[in-house]
Amino acid sequence: MTYQWHFQVVWQNLPFLLQGLGMTVAATVLSMLVGLVGGLLIALMRLSAWRGFRMPAIAFTEAFRTTPLLVQIVWVYTVLPLSTGIMLSPFTSGLVALGLNVAAFMSEIYRAGITSVSPFQTQAGLALGMTRWQVLRRVVLPQAVRRVIPPTASMWVGLFKDTSLLAAIGVAEVMYQARVIAAETFRPLEIFTATALIYFLLTYPQSLAVNRLFKRLRVQE
Amino acid sequence: MSDPHLWQFGLILRHLPYLLAGAKMTLAVSAVSILCALAIGVGIALARMSRSRSAEFLAGLFIDVWRSTPTLAQLLWVFYALPILTGVALDPFTAGVITLGCHYGASLAETFRAGILSLPAGQRQAALALGMTRAQALRRIILPQAVVRMLPAVVSMFIVITKESALVSMINLRDLMWHAQSLAGLTMRSTEVLTIAAGLYAVCTYPQALLVNYLHRRLTAHA
């Protein structure tokens, strides 16, 4: 059996797919922002000396790391409105779910970055008469940031791909548009191939950039 | 206003066996996918490190393609598009296993390669200088050390596969996520059902997470 490819279908529907792309990028940028800020908060709580901060932070991180992202997205979308009475649009609840998920993973990245700086450096700083805050700002953070940037960048690439899960709650990003078009045109082969290609063309350069970042910022111990 | 009848677990607990049946399917599809991913990962890693240029190129292409597209896009492609090309219809289970196996096989291949390359080149050279063949050096010197180094990362990947297997509910494989969503629809108690489902996923993955922590501690203790 030879299959008759009909790539005109893709060209005709490209505007719809690209419309979805705007949504994909918006979802990635916004939930990354939520994750960057939220993750820092969680990381600081986790590193705090007080159990009252530490325990909730651990519970939060573990809850988001042990359950599937799809479950989290559907959970936020259906459970949050029922239990709080706050109605969220699919896009907003998607942002909340993705943002919290990224926050959980980012908090571990921050924590690893901060704890990877040898404690002797902190002690040396203190011995030189710096205050705790000065040690953090002048000694620990400049080194921690260097170690945090590459994994953060790969988190971003992962997030870019994971926004496709928002299709499950009806956010009109690329994957959702693709499913609608595939169903309407009865051309899943062309549409899904084109969609995968779009994702590849956008993600691959990002992964290459991340690899370069890892090489450039490698820390020699 | 929030629902005053919220968080009534009694009704749902009666349906627990239904959810557990889904959890069984989740474990089955993840286990088979993990085995496939391991086999594919080893194959691709070997091809990537082989002396043949074309094998190396093809393995690199495989890795880049599977790692640079979303799993959901791959799943829908394998389930809806691939059968049109091959003429062979796939059931959701097979489509899920192919997708998860290839996607995470590509990731595992990189983990394996990184583990092997992390050993100093001097070890292999020393083995060859002692008169071992390449295969002997790999089996006796390189692999025993490399396996130890990559074990935590590999088991972490098992956790990711178990979680990501929830995606197969979108091609109607009746796994935990699918059962949870259908039960939520039937009982109109999505709050409780989805929360229990999330808990069951945690139950499936947490022991693996503990294993990772244990391996990490064990293996880095005398490094």
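Residues numbered from 1 in each chain as written. Chains lettered and ligands numbered in written order. Predicted model: local features only at pLDDT ≥ 70, side-chain atom pairs only at ≥ 80, totals over all residues.

Undergrad: Describe the nonpolar core, naming the residues involved and giving the relevant values.
TA: One finds Leu 70, Val 71, Ile 73 and Phe 192 of chain A together with Leu 75, Leu 194 and Ala 197 of chain B to be the most contacted residues of the largest nonpolar core, which totals 108 residues. Among the elements that take part in this core, helix α4 (residues 90-116) of chain A stands out by supplying 12 residues, more than any other. Leaving out residues up to four positions away in the same chain, Ala 197 of chain B has contacts with Val 71 of chain A together with Leu 19, Leu 176, Met 177 and Ala 180 of chain B. (Core = buried A, V, L, I, M, F, W, Y, C linked by C-beta atoms within 7 Å. Buried ≥ 20, exposed ≤ 12 C-beta atoms within 10 Å, placed from the backbone. Helix = DSSP H or I, 4+ residues; strand = E, 2+ residues; numbered from the N terminus. Contact = placed C-beta atoms within 7 Å.)

Undergrad: Could you give an account of the packing of helix α5 (residues 92-117) of chain B against helix α7 (residues 134-164) of chain B, with specific residues and numbers?
TA: When two helices pack together, you describe them by how their axes are tilted relative to each other and by the distance separating the axes. Residue and element names in this part refer to chain B. Running from N to C, α5 and α7 cross one another at 155°; their axes reach a closest spacing of 9 Å. Looking at the two axes, α5 sits roughly antiparallel to α7. The interaxial crossing formed by α5 with α7 has right-handed handedness. Contact residues: Leu 100, Tyr 104, Ser 107, Leu 108, Thr 111, Phe 112, Gly 115 and Ile 116 in α5; Ile 142, Ala 146, Arg 149, Met 150, Ala 153, Val 154, Met 157, Ile 161 and Glu 164 in α7. Classifying every residue of the contact of α5 with α7 by side-chain character gives 12 nonpolar, 3 polar and 2 charged. (Axes fitted to C-alpha atoms, helices over the stretch in contact; angles between N-to-C directions. Parallel < 35°, antiparallel > 145°, perpendicular 65-115°, else oblique. Left-handed = near helix turned anticlockwise from the far one by under 90°. Nonpolar A, V, L, I, M, F, W, Y, C, P; charged D, E, K, R; others polar.)

Undergrad: Break down unusual backbone geometry for me, citing the residues and quoting the values.
TA: Trans peptide bonds make up the majority, and among non-glycine residues the majority have a negative phi. Residue Phe 186 of chain A is not a glycine yet carries a positive backbone phi of 55°. Position of Phe 186 of chain A relative to the elements: it lies in the loop between α7 (174-185) and α8 (188-216). The phi dihedral of Asn 172 of chain B falls on the positive side, at around 65°, and the residue is not glycine. Relative to the helices and strands, Asn 172 of chain B is located in the loop between α7 and α8 (176-187).

Undergrad: An account of α4 of chain A is requested, with residue identities and associated values reported.
TA: Between its terminal C-alpha atoms α4 of chain A stretches 39 Å, which fits the 39 Å expected from 27 residues at 1.5 Å a residue. Across the 27 residues of α4 of chain A, 19 count as buried, placing the element largely inside the fold. (Expected span 1.5 Å × (residues − 1).)

Undergrad: Outline the interface of chain A and chain B, supporting the account with residue identities and numerical values.
TA: With 35 residues of chain A in contact, the opposing surface of chain B contributes 37 residues. Here the side of chain A that touches chain B gets 11 residues from one element, more than from any other, and that element is α8 of chain A. For the side of chain A that touches chain B, the residue count by class is 21 nonpolar, 11 polar and 3 charged.

Undergrad: For α8 of chain A, give the residues involved together with the corresponding values.
TA: When the terminal C-alpha atoms of α8 of chain A are compared, their 41 Å separation across 29 residues agrees well with the 42 Å that a helix rising 1.5 Å per residue should span. Along α8 of chain A, the sharpest kink reaches roughly 25°, centred on Thr 203 of chain A and followed within four residues by the proline Pro 205 of chain A. For α8 of chain A, every residue scored as buried is listed here: Pro 188, Leu 189, Glu 190, Ile 191, Phe 192, Ala 194, Thr 195, Ala 196, Ile 198, Tyr 199 and Val 210 of chain A. As for α8 of chain A, its buried residues are in contact with α1 (8-47), α6 (132-162) and α7 of chain A together with α4 (71-86) of chain B. (Bend = angle between axes of the 7 residues up to and from the residue.)

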